[in-house]
Every structure is written in structure tokens, then in C-alpha cells.
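# Descriptive structure summary
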Amino acid sequence: MFQKRLLRLLFLVVSTVAPGGWVRDDTERLYGEHDDVESNIAGLKQGDPLPEHDDMDAHDRPEWAFDYSCTYLLHAFSLSKPRDGVKHNRITPKYVLEKRSNFGRAVYPIAKELYDKGIITIDETL
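An account of the accompanying structure is given in this report. Just so it is clear, the model here is predicted, and its values are computed rather than measured. (Residues numbered from 1 in each chain as written. Predicted model: local features only at pLDDT ≥ 70, side-chain atom pairs only at ≥ 80, totals over all residues. Heavy atoms only, no water.)

## Comments concerning the overall build of the protein
Basically, it comes down to this: Helical segments are the DSSP runs of H or I of at least four residues, strand segments are the runs of E of at least two, and each set is numbered from the N terminus. Relative accessibility thresholds used throughout: buried, under 20% of the residue-type maximum; exposed, over 50%; partly exposed, between the two (1.4 Å probe, protein chains only). Contact criterion: two residues are considered in contact whenever any of their non-hydrogen atoms come within 4.5 Å of each other. All accessibility values rest on the Shrake-Rupley procedure with a 1.4 Å probe; residue burial counts only the protein chains present in the view.
Regarding its fold elements, the protein presents 4 helices and 0 strands. Element order for the protein, N to C, with α for helix and β for strand: α-α-α-α. Among the 126 residues that make up the protein, the fraction classed as buried is 33%. The long-range share in the protein, meaning contacts at least 24 apart out of those at least 6 apart in sequence, stands at 74%. Accessible surface for the protein amounts to roughly 9100 Å². Of this, 54% is attributable to carbon and sulfur atoms.

## Describing unusual backbone geometry
Phi at lysine 99 takes a positive value of approximately 55°, unusual for a residue other than glycine. Topologically, lysine 99 is positioned in the loop between helix 3 (93-98) and helix 4 (102-116). You can call lysine 99 buried: its relative accessible area is 10%.

## Let's talk about the nonpolar core
Generally speaking, a soluble globular protein has its nonpolar side chains buried in company with each other. The test is simple: Throughout, nonpolar core names a set of buried Ala, Val, Leu, Ile, Met, Phe, Trp, Tyr and Cys residues whose side chains join them through atoms within 4.5 Å.
By size, the foremost hydrophobic cluster in this structure holds 14 residues, and its most contacted members are Leu50, Leu97, Phe103 and Ile122. Listed by contribution, the elements that provide at least two residues to this core are helix 2 (24-31), helix 3 and helix 4. Filtering out sequence-adjacent residues up to four positions away, leucine 50 remains in contact with Ile41, Leu44, Leu97, Tyr108, Lys112, Tyr115 and Ile122.

## Considering the side chain of arginine 100
When you line up the elements, arginine 100 lands in the loop between helix 3 and helix 4. You can call arginine 100 buried: its relative accessible area is 19%.

## Looking at a nonpolar patch on the surface
Going by this rule: To count toward a patch, a residue needs a relative accessible area over 30% and no salt bridge; like charges are then connected within 9 Å, while nonpolar side chains (Val, Leu, Ile, Met, Phe, Trp, Tyr) are connected within 5 Å. Salt bridges are defined as contacts in which a side-chain nitrogen from Lys or Arg sits within 4 Å of a carboxyl oxygen from Asp or Glu.
Taken together, the side chains of Leu10, Leu12, Tyr72 and Leu73 present a nonpolar region at the surface, about 470 Å² in accessible area. Among the secondary structure elements, tyrosine 72 is positioned in the loop between helix 2 and helix 3.

## Describing helix 2
Convention followed: Picture the helix axis, draw a direction to every C-beta atom, and the arc is the one those directions span.
Looking at helix 2, one finds that the buried residues are Thr27, Leu30 and Tyr31. One side of helix 2 carries all its buried residues, which in axial view fall inside an arc of 80°. Elements that come into contact with the buried residues of helix 2 comprise helix 3 and helix 4.

## Re the packing of aromatic side chains
For the record, the criterion: Pairing of aromatic rings covers Phe, Tyr and the six-membered ring of Trp, with a centre-to-centre limit of 6.5 Å; geometry is then stacked below 30 degrees between planes, edge-to-face above 60, and tilted otherwise. Our definition puts a charge over a ring when NZ of Lys or CZ of Arg is within 6 Å of the ring centre and also within 35 degrees of the ring normal.
Under the counting rule described, the total for this entry stands at 2 aromatic pairs. Ring centres of tyrosine 31 and phenylalanine 103 lie 5.4 Å apart, and the angle between their planes is 35°; this geometry places the pair in the tilted category. Highlighted residues: tyrosine 31 in helix 2 and phenylalanine 103 in helix 4, separated in sequence by 72 residues. Phenylalanine 103 matches tyrosine 31 in its accessibility class, with the two residues each being buried. Positioned over the ring face of phenylalanine 66 is arginine 29, at 4.3 Å from the centre of the ring. Between the NZ or CZ atom of lysine 99 and the centre of the ring of tyrosine 108, over which it lies, the distance is 4.8 Å.

## Comments concerning the environment of valine 107
Inspection of the secondary structure assignment puts valine 107 in helix 4. Taking the C-alpha atoms as reference points, valine 107 and serine 69, 38 residues apart in sequence, are found 9.6 Å from one another.

In C-alpha cells, the structure reads:
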């Protein structure tokens, strides 16, 4: 009459789904572009292979880079809604592939896969 059911519960630390906030310092840390590093796509043209993403090597990681590898949810927002502190409100494939922001570094592996499959281009902007 009664069925046994296995229930599973997943506990997440707040930083895995909300690794920051919407105040100026948090948004600038995530979306702000850093001119102190060369663009990841400098000297490359459409069709050239992109560099592999190895963000775990602290030797290569810029001082400002934040490790989002344990984050389950990370998102951008509407282009029509500027957010406090965000200087770059236009997330594009080129912005991500350049890896000059924490957001770009965090989502680069997905963007690289899309580029490798021909879904996005190296210089694609809005």
C-alpha cells in the first residue's frame, strides 16, 4: 500500500550559488575588465585554436583573478538594466574569450567549446 521513496537533499554553501552581491565592489570584481593582462585572443584570427583553460595554475593567475570553480550558478544580466558599479554591461563572446574579467575567466571553458563547435566567433560583439 505504501511505497518507499528515496529522497535526496543537496546542501550548498551560499557562495556556490551567490558568490557575490550586487553592490559596486562585487559587480566590479566579477565584470570589470583588467588592462594589466593581455587579451587571451591577442594575435588570433577566426579559426585559430584557442588556448586551453587552466585556471588552477596559480603561477599564471593574475592577482585580481577570483576562483569561481566551485560556483554552480553565475549569470550576467539584461543589457537594458545597468547595474551599480558595472563598467562593462555588454557581455559578448569576445569579452568572455579575452579572459580579462573574472566573469570571462569563469565562463571561458563553455565559450571555448562553443567557439570550437563554430557556434560563436572570436570577434563576435553585439
